[in-house]
Amino acid sequence: MPPKTGSGEEGGDVFDSVADVTARFAEHGYFADERLATTVFLQSRLEKPLLLEGPAGVGKTQLAKSLAEVTGRRLLRLQCYEGQDETTALYEWDYGKQLLYTQLLREKIGQIIGDAVGLAEAVDKIAAEDSVFFSEQFLAERPLLQAIRSEVPVVLLIDEVDRADEALEAVLLELLAEYQVSVPELGTYRAVHVPYVVLTSNNTRDLSAALKRRCLHLSLDYPDTERELAIIRSAGTGLADALARTLVEVVRGLRELELRKAPSISETIDWARTLAVLGASELTAELLSQTANVVVKYDRDLRRTLEALPGLVDPNATVPGPGAAGGHGHGHGHGEHDHGHSHAGHDDAGRGGAGRGGAEHDDEPADETGRAVRAAKDEPGRHSAAYYGEADADRKPPPVGKAQAERSFNARGARRRPV
């Protein structure tokens, strides 16, 4: 019997036009662009599986969920993973149930083989009944077979198919091409209603050409600013519209960084809700930095995010340098370009911080104090001729004071390798 199609008996199961797809998906909070809406419309008319590829978090899985909501179909989901085989995707025999029935029917089996003459005849009599234990009663259906045998129309989501091994792709080919599944012990099952099949891939590996050939293909990327803003509005985050727009721009900036995991749409919604719960009236770099862990989940990504946030919030902002923190105590005067380093007074560390550049230190200009210190360190004979690379390097260095000799001796002793 050929499979039934969704040609009107299910009411809202079929879309009238591309515009109808866009409008009905928007009613359920999924804002599809024209290219995506066109692909969904063609899927419903051509009855072909749809393969969606793209980075994680762009709405591939949500499309299948929204498709089920819009059409009123039941959603069946197969989550793929490495090492998966047909027993978790198609079907398997319920061996525990078979064994239980064997124990319960032991007396009946004894009656069947009771009059058998010899072992061979007993085996033949048991073999004549083996179909009882390989019947639909003992068949454990998995999502793929459930979609084929379902008495009501369904949406079949095969999620992250790129995580599965290539062997599972081969298992999928019959279903994707013919909407049927073959069970050797029972025969071939054809779809009662043609399911809407949606496959998703995060591009962790290339899928086979045979699988792609059987599907409509579409690559999804992150939405533009207006669509993502509309998604946040529809999610009811509670964040003011102006702040939501700023947040979307910040997130788009983060996605342009070389992050291991770029913020997804759902994480952007979570960030908006977080800021709304905190009662944010303005999006500052400090506030976003305190909550950045909502959208960034790796330490390296978090460090890059914290560095970039000030510039994303305010493109004209200048990121303070390492000497801009108060209390550092060196008083670097980079503001006037005369580099008035006040290193002479380390006992005064922390008194003025970075804001004292070019200011007075012990009632003397910082640049004059610095010159005096450098002049004192440049006394003749402070280093030997060998230090300057001169030819008469063999001459003896000038005598040193007792305190300097003790410091040199102690320094060498500190570097001495332990016995």
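Everything discussed here concerns the structure shown above.
Right, let's walk through the structure included here. All figures in this text were calculated on a predicted structure; none of them were measured in a lab.

Here we look at the overall build of the chain
Thought 1: Helices and strands together make up the secondary structure of the chain, namely 18 helices and 11 strands.
Thought 2: Expressed as a percentage of its 419 residues, the buried residues of the chain come to 35%.
Thought 3: Partitioning the intrachain contacts of the chain with sequence separation of at least 6 by distance along the chain shows that 70% fall at a separation of at least 24.
Thought 4: Entry remark: accessible area of the chain is about 24,300 Å², with carbon and sulfur atoms responsible for 51%.

A few points about the pairing of strand β6 (residues 180–183)
Thought 1: As defined by bridge partners, β6 adjoins strand β7 (residues 187–190) across 4 bridges and the pair is classed as antiparallel. Bridge assignment links V181 to a residue of β7, and that residue is Y189.

With respect to the sheet that holds strand β1 (residues 50–53)
Thought 1: The strand order across the open sheet built from 5 strands is β2-β5-β8-β1-β9, with neighbouring strands paired in parallel fashion. The open sheet is flanked by β2 (74–79) and β9 (216–219), the only strands paired with a single partner. Adjacent strand axes in the sheet meet at a mean angle of 20° when their direction is disregarded.
Thought 2: Against the sheet, helix α2 (residues 34–46) engages β1, β8 (196–201) and β9, with an angle of about 165° to β9.

A look at unusual backbone geometry
Thought 1: The residue E47 is not glycine, and still its phi comes out positive at about 55°.
Thought 2: Counting through the fold element by element, E47 comes out in the loop between α2 and β1.
Thought 3: You can call E47 partly exposed: its relative accessible area is 27%.
Thought 4: We note that Y179 has phi near 50°; this positive angle belongs to a residue other than glycine.

What to know about a positive patch on the surface
Thought 1: Positive charge collects at one region of the surface, where R260, R300, R303 and R304 lie side by side.
Thought 2: Tracing the sequence through the fold places R304 in helix α15 (residues 299–313).
Thought 3: Judged by its relative accessible area of 31%, R304 falls in the partly exposed class.

Points about the layout of surface pockets
Thought 1: Taken as a whole, the largest pocket encloses approximately 660 Å³ of empty space.
Thought 2: Lining the largest pocket are 33 residues, and of these V58, G59, K60, Q62 and I265 lie nearest its centre.
Thought 3: Of all the secondary-structure elements, those providing two or more residues to the lining of the largest pocket are α2, α3 (60–71), α11 (225–234) and α13 (265–277).
Thought 4: Looking at the lining of the largest pocket, the element that brings in the most residues is α3, giving 5 residues.
Thought 5: The residue inventory of the lining of the largest pocket, partitioned by class, reads 12 nonpolar, 13 polar and 8 charged.

A look at the packing of aromatic side chains
Thought 1: Inspection of every chain in the model, using the stated rule, returns 3 aromatic pairs.
Thought 2: Taking 6.2 Å as the distance between ring centres and 35° as the angle between the ring planes, the aromatic pair formed by F15 and F25 counts as tilted. On the criterion of sequence distance, the pair formed by F15 in the segment before α1 (18–27) and F25 in helix α1 is long-range, its members being 10 residues apart. For the pair F15 and F25, a shared accessibility class is recorded, and that class is buried.
Thought 3: These aromatic residues form a ring-pair network of at least three members: F15, F25 and Y30.
Thought 4: Against the face of Y196 rests R73, its NZ or CZ located 3.8 Å from the ring centre.
Thought 5: Here K97 stacks its cationic end above the ring of F138, 5.7 Å away from the centre of that ring.

Describing α11
Thought 1: Regarding α11, the residues found buried are T225, E228, L229, A230, I231 and I232.
Thought 2: The elements touched by buried residues of α11 are α12 (241–255) and α13.
Thought 3: Of the residues trailing α11, G236 is marked for its positive phi of about 65°.

Some thoughts on the packing of α12 against α13
Thought 1: For the pair α12 and α13, the least separation of the axes is 11 Å and the interaxial angle reads 135°. By the angle between their axes, α12 is oblique relative to α13. Every pair of crossing elements has a handedness; the one defined by α12 and α13 is right-handed. On the side of α12, the interface is formed by L247, V250, V251, L254 and R255, while α13 contributes I265, T268, W271, A272 and L275.
Thought 2: Tallied by class, residues from the contact of α12 with α13 come to 8 nonpolar, 1 polar and 1 charged.

Looking at the packing of α11 against α12
Thought 1: As a packed pair, α11 and α12 sit with axes 10 Å apart at the nearest point and diverge in direction by 125°. The angle between the axes of α11 and α12 places the two elements in the oblique class. Regarding α11 and α12, the two cross each other, and that crossing is right-handed. Contact residues: α11 offers T225, E226, E228, L229, I232 and R233, while α12 offers D241, A244, R245, V248, E249, V251, R252 and R255.
Thought 2: When its residues are assigned to classes, the contact of α11 with α12 shows 5 nonpolar, 1 polar and 8 charged.

Comments concerning the side chain of S201
Thought 1: Mapped onto the fold, S201 is located in strand β8.
Thought 2: Residue classification places S201 among the buried positions, given a relative accessible area of 0%.
Thought 3: In terms of polar contacts, S201 uses its side chain to reach the backbone amide nitrogen of N203, at 3.2 Å.
Thought 4: Excluding its chain neighbours within four sequence positions, the residues that come into contact with S201 are L52, E53, G54, K60, V161, D162 and L207.

The rules we used
Residues numbered from 1 in each chain as written. Predicted model: local features only at pLDDT ≥ 70, side-chain atom pairs only at ≥ 80, totals over all residues. Heavy atoms only, no water. Helix = DSSP H or I, 4+ residues; strand = E, 2+ residues; numbered from the N terminus. Buried < 20%, exposed > 50% of the residue type's maximum accessible area, 1.4 Å probe, protein only. Contact = heavy atoms within 4.5 Å. Areas by Shrake-Rupley, 256 points an atom, 1.4 Å probe, with all protein chains shown as cover. Pairing = 2+ DSSP bridges. Axes fitted to C-alpha atoms, helices over the stretch in contact; angles between N-to-C directions. Patch = residues over 30% accessible without salt bridge, like charges linked within 9 Å, V, L, I, M, F, W, Y side chains within 5 Å. Salt bridge = Lys/Arg side-chain N within 4 Å of Asp/Glu carboxyl O. Lys, Arg positive; Asp, Glu negative; His and termini not counted. Charge placed at Lys NZ, Arg CZ, Asp CG, Glu CD. 1 Å grid on protein atoms, 1.4 Å probe; cavity = no way out; pocket = protein on both sides within 12 Å on 5 of 7 lines; lining within 4 Å. Points joined across faces, edges and corners; volume = space filled by probe spheres on them. Nonpolar A, V, L, I, M, F, W, Y, C, P; charged D, E, K, R; others polar. Phe/Tyr/Trp six-rings, centres within 6.5 Å; stacked < 30°, edge-to-face > 60°. Lys NZ or Arg CZ within 6 Å of the ring centre and 35° of its normal. Parallel < 35°, antiparallel > 145°, perpendicular 65-115°, else oblique. Left-handed = near helix turned anticlockwise from the far one by under 90°. Polar contact = N/O pair within 3.5 Å; in protein donor to acceptor, adjacent residues only side chain to side chain.

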